[in-house]
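Chain by chain, the residues run as shown.
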2 protein chains.
Amino acid sequence: MIRIGIYGYGNLGRGVEMAISQNDDMELVAVFTRRPPESVKINTKGARVLHIDDALNMKDEIDVMVICGGSATDLPVQTPFLAEHFNVIDSFDTHAKIPEHFENVNKSAIKGAHTAMISVGWDPGMFSLNRMYAGAILPNGKDYTFWGKGVSQGHSDAIRRIEGVADAKQYTIPVKEALDEVRSGSNPTLTTRQKHTRECFVVAKEGADLSYIENEIKTMPNYFADYDTTVHFISQEELNEKHAGIPHGGFVIRSGESASGNKHIIEYSLKLDSNPEFTASVIVAYARATYRMACEGTVGCKSVFDVPPAYLSPKSGEELRKELL
Amino acid sequence: MIRIGIYGYGNLGRGVEMAISQNDDMELVAVFTRRPPESVKINTKGARVLHIDDALNMKDEIDVMVICGGSATDLPVQTPFLAEHFNVIDSFDTHAKIPEHFENVNKSAIKGAHTAMISVGWDPGMFSLNRMYAGAILPNGKDYTFWGKGVSQGHSDAIRRIEGVADAKQYTIPVKEALDEVRSGSNPTLTTRQKHTRECFVVAKEGADLSYIENEIKTMPNYFADYDTTVHFISQEELNEKHAGIPHGGFVIRSGESASGNKHIIEYSLKLDSNPEFTASVIVAYARATYRMACEGTVGCKSVFDVPPAYLSPKSGEELRKELL
């Protein structure tokens with residue numbers, strides 16, 4: 001049994017707990033939380049809830065620590081800290097800061113002689129892998145990534161910070177015409193506006209100025225100004241009823257040519273009812289790989305690019321070749 | 001430079017030659033043929049054409065031998081033979097015989113202390129990888145593979161063997177309704193007939209009995225009897241003009257659930273103008289990986305499941321993390 005610790009018990013941590021329950025070769029040993037442990041209820045019988053300050057006492061009882069903090073402020077501190085003491089895995093997703101995070105985690109992992117796996121999930125993660133595979137196969141080609149339809153937490157938060165907004169949910173939606181154009185193999189150059197639209201469901205506070213809110217959203221730099229954005233004002237009840245989920249997904253497409261001029265399209269897509277639960281499912285498969293690489297003596301920071309696919313599966317090489325090759 | 005040899009110069013061998021021309025870190029050293037070498041013209045300046053009997057004399061000048069024979073009778077002999085003397089890669093695609101082929105190649109590769117990579121292409125190959133990744137991520141789920149729209153060489157050949165047939169081309173076509181049902185997440189059980197249809201374009205010899213031919217096709221066991229099959233009789237000119245290509249493609253879909261009951265769909269698809277050219281592109285990327293694994297001292301037979309994705313790319317780990325993660 002691979003003994004797993006979960007460090008941080010929000011949406012992602014709960015997803016990891018669920019995913020462990022679907023994998024017979026893994027067991028959840030403990031959940032570590034910043035909250036008072038007695039206030040946190042988990043679903044796994046026999047697993048403990050401990051304060052994060054007690055994590056280092058559990059060094060010998062945990063094979064892989066799954067770190068479920070946020071990328072903005074938690075992971076840049078937590079992963080380097082924990083990589084010195086545990087084999088670790090995280091879902092660090094601030095793309096621009098991955099090289100820096102990698103260096104920091106790598107130093108700690110080497111110091112502690114552990115295996116550390118960063119930026120695991122679907123983007124970064126499975127989407128990155130598909131960009132990489134497709135680019136290696138079709139060097140003469142072009143990559144396209146579309147996201148959605150799905151809820152963007154960051155954009156929903158940005159709307160909630162506007163004066164007069166009580167609650168909000170934002171969907172990122174790929175533009176069908178753009179997708180079709182890419183799939184045709186014409187290798188179009190697409191602007192931000194041509195690739196995605198944004199749809200916002202907003203609950204206004206009583207007496208709030210709706211046209212002010214709508215204008216604030218539509219003109220918000222970086223978040224909305226470069227997109228065709230639709231704003232719907234709805235009641236809190238309707239938001240709770242129809243927009244409670246956190247679905248997501250997207251498309252990675254590479255359109256390329258062989259030397260004869262023949263065209264080839266490689267497409268990978270995800271349609272997810274729950275973004276954090278799927279991310280957690282990817283992480284748990286890679287936790288298995290992290291454990292195996294650690295058992296082999298691998299030291300330092302790794303990413304999905306470094307992991308032989310077979311390491312993700314509980315099946316033997318023989319079973320994989322017979323059943324799936 | 002990675003020095004490549006091509007063993008067998010048919011559609012696949014020519015595709016490998018094209019793919020090498022798109023990769024700056026590789027060079028084609030020699031093509032080996034069963035035909036008189038002087039009768040074979042290749043497109044790469046500086047590369048030699050040699051008889052297959054001269055292959056072993058080139059041991060020290062070739063880093064990876066790409067074996068481009070057929071799976072029925074060539075590869076079961078060629079790959080074990082050559083793996084003793086070279087690092088090799090093949091596209092062995094008789095799924096049921098992969099375990100046996102693996103064992104034979106493994107023994108030879110170990111004897112010669114070489115790296116051998118088998119069953120590389122898109123199915124087996126990229127489709128296998130996607131079945132494996134998706135199954136490891138969503139252990140509670142179901143796999144579906146659809147092929148087409150594309151030309152099946154084996155089925156086209158089978159039609160050509162019928163009395164009165166001068167030429168023929170067969171397309172395998174996935175049934176859209178079945179694809180849509182799978183994508184809905186309903187995990188349907190689908191019969192052979194429900195998943196694919198077969199469309200045949202047949203050139204009859206003068207005076208041939210068309211209804212006899214049509215009946216022979218539609219009732220042919222294994223090949224057509226279990227499918228809804230359409231037969232069109234056309235002229236040789238029309239066949240040459242409209243059906244000269246060898247396009248193919250398909251879909252690998254896994255539909256699964258996380259422990260909460262939330263559904264997730266993972267889909268990988270290919271749309272290929274040329275089946276052999278795309279297969280060759282995959283093989284050449286894996287030839288790079290084979291070379292790297294050989295340089296590290298890897299010995300024995302490997303499959304796509306064993307290869308860290310980064311080994312396929314000419315980019316460094318640092319570049320991959322920065323640009324694609």
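Residues numbered from 1 in each chain as written. Chains lettered and ligands numbered in written order. Predicted model: local features only at pLDDT ≥ 70, side-chain atom pairs only at ≥ 80, totals over all residues. Heavy atoms only, no water.

Overview of the overall build of chain A
Stage number 1. Within chain A, the secondary structure is distributed over 11 helices and 14 strands.
Stage number 2. Rg of the C-alpha trace for chain A: 22 Å, near the compact-globule value of 20 Å for 325 residues, within the 12% margin.
Stage number 3. When the backbone C-alpha atoms are referred to their principal axes, chain A occupies close to 60 × 60 × 35 Å.
Stage number 4. Counting the 325 residues in chain A, one finds 57% classified as buried.
Stage number 5. Long-range pairs, those at least 24 residues apart, make up 67% of the contacts in chain A with a sequence separation of at least 6.
Stage number 6. For chain A, the exposed area adds up to about 13,500 Å²; of that, 47% sits on carbon and sulfur atoms.
Stage number 7. A distance of 3 Å separates the average location of the 34 positive side-chain charges in chain A from that of its 43 negative side-chain charges. (Helix = DSSP H or I, 4+ residues; strand = E, 2+ residues; numbered from the N terminus. Rg over C-alpha atoms; globule rule 2.2 N^0.38 Å. Buried < 20%, exposed > 50% of the residue type's maximum accessible area, 1.4 Å probe, protein only. Contact = heavy atoms within 4.5 Å. Areas by Shrake-Rupley, 256 points an atom, 1.4 Å probe, with all protein chains shown as cover. Lys, Arg positive; Asp, Glu negative; His and termini not counted. Charge placed at Lys NZ, Arg CZ, Asp CG, Glu CD.)

Here we look at empty space enclosed by the protein
Stage number 1. Going through the model one piece at a time under the given rule, you end up with two cavities of 30 Å³ or more.
Stage number 2. Computed from the structure, the largest cavity encloses a volume of approximately 40 Å³.
Stage number 3. Taken together, Met126, Leu129, Asn130 and Tyr133 of chain A together with Asn130 and Tyr133 of chain B form the lining of the largest cavity.
Stage number 4. Those elements giving two or more residues to the lining of the largest cavity turn out to be α4 (126-137) of chain A together with α4 (126-137) of chain B.
Stage number 5. Of the residues contributing to the lining of the largest cavity, the split by class is four nonpolar, two polar and no charged.
Stage number 6. Estimates place the volume of the second largest cavity at around 40 Å³.
Stage number 7. Considering each element in turn, the lining of the second largest cavity owes the most residues, four residues, to α4 of chain B. (1 Å grid on protein atoms, 1.4 Å probe; cavity = no way out; pocket = protein on both sides within 12 Å on 5 of 7 lines; lining within 4 Å. Points joined across faces, edges and corners; volume = space filled by probe spheres on them. Nonpolar A, V, L, I, M, F, W, Y, C, P; charged D, E, K, R; others polar.)

So, helix α3 (residues 98-112) of chain B
All names here are of chain B.
Stage number 1. Relative to the 21 Å expected for 15 residues at 1.5 Å per residue, α3 spans 21 Å between its end C-alpha atoms, a close match to the ideal helical length.
Stage number 2. Among the residues making up α3, those that are buried are Ile98, His101, Phe102, Val105, Asn106, Ser108 and Ala109.
Stage number 3. Note on α3: the residue one or two positions beyond its end, Ala113, has a positive phi of about 55°. (Expected span 1.5 Å × (residues − 1).)

Points about the pattern of salt bridges
Stage number 1. By the definition in use, this model includes 30 salt bridges over all chains.
Stage number 2. Residue Arg34 of chain B pairs with Asp74 of chain B through a salt bridge whose shortest N-O separation is 3.3 Å. Pair noted here: Arg34 of chain B is in the loop between β2 (26-33) and β3 (48-51) and Asp74 of chain B is in the loop between β4 (64-67) and α2 (75-83), with a separation of 40 residues, a long-range link.
Stage number 3. The exposure class of Asp74 of chain B is buried, given its relative accessible area of 17%.
Stage number 4. By sharing partners, the salt bridges in this structure join Lys176, Asp180, Arg183 and Glu267 of chain A into a single network. (Salt bridge = Lys/Arg side-chain N within 4 Å of Asp/Glu carboxyl O.)

Brief notes about the packing of α2 of chain B against α3 of chain B
All names here are of chain B.
Stage number 1. Running from amino to carboxyl end, α2 crosses α3 at an angle of 20°, the nearest separation of the two axes being 7 Å. On the basis of their axis angle, the class for α2 and α3 is roughly parallel. Crossing angle aside, the handedness with which α2 passes α3 is right-handed. Residues Leu75, Pro76, Thr79, Pro80 and Ala83 of α2 form the contact with α3, whose participating residues are His101, Asn104, Val105, Ser108 and Ala109. (Axes fitted to C-alpha atoms, helices over the stretch in contact; angles between N-to-C directions. Parallel < 35°, antiparallel > 145°, perpendicular 65-115°, else oblique. Left-handed = near helix turned anticlockwise from the far one by under 90°.)

Thoughts on the interface of chain B and chain A
Stage number 1. Facing the 63 residues of chain B at the interface are 63 residues of chain A.
Stage number 2. On the chain B side of the contact with chain A, Ile137, Arg321 and Leu325 of chain B bury the most area, a combined 14% of that side's loss.
Stage number 3. The interface formed by chain B and chain A contains zero salt bridges.
Stage number 4. Of all the elements in the fold, those that place two or more residues in the side of chain B that touches chain A are α1 (11-21), α3, α4, β13 (263-272), α10 (275-295) and α11 (317-323) of chain B.
Stage number 5. When residues in the side of chain B that touches chain A are grouped by element, the largest group, 10 residues, is from β13 of chain B.
Stage number 6. Of the residues belonging to the side of chain B that touches chain A, the class tally is 33 nonpolar, 17 polar and 13 charged. (Buried area = accessible area lost by both parts, 1.4 Å probe.)

Structural notes on the sheet that holds strand β7 (residues 141-147) of chain B
Stage number 1. The six strands lie next to each other as β7(A)-β12(A)-β13(A)-β13(B)-β12(B)-β7(B), forming an open sheet whose pairing is antiparallel. Each end of this open sheet is capped by a strand with a single partner; those strands are β7 (141-147) of chain A together with β7 of chain B. For this sheet, the mean inter-axis angle between neighbouring strands, taken without regard to orientation, is 10°.
Stage number 2. Looking at chain direction, β7 of chain A and strand β12 (residues 248-257) of chain A are connected through seven bridges and run antiparallel. In the strand pairing of β12 of chain A, Thr145 of chain A is matched with Val252 of chain A. (Pairing = 2+ DSSP bridges.)

Quick word on unusual backbone geometry
Note: most peptide bonds trans; most residues except glycine with negative phi.
Stage number 1. Note that the residue after Asp123 of chain A, namely Pro124 of chain A, is joined by a cis bond; omega there is 5°.
Stage number 2. Between Gly148 of chain B and Lys149 of chain B the backbone carries a cis peptide bond, its omega angle lying at -5°.
Stage number 3. You can see Lys149 of chain B is positioned in the loop between β7 and β8 (150-151).
Stage number 4. A positive phi angle is found at Asn187 of chain A, which is not glycine, with a value near 50°.

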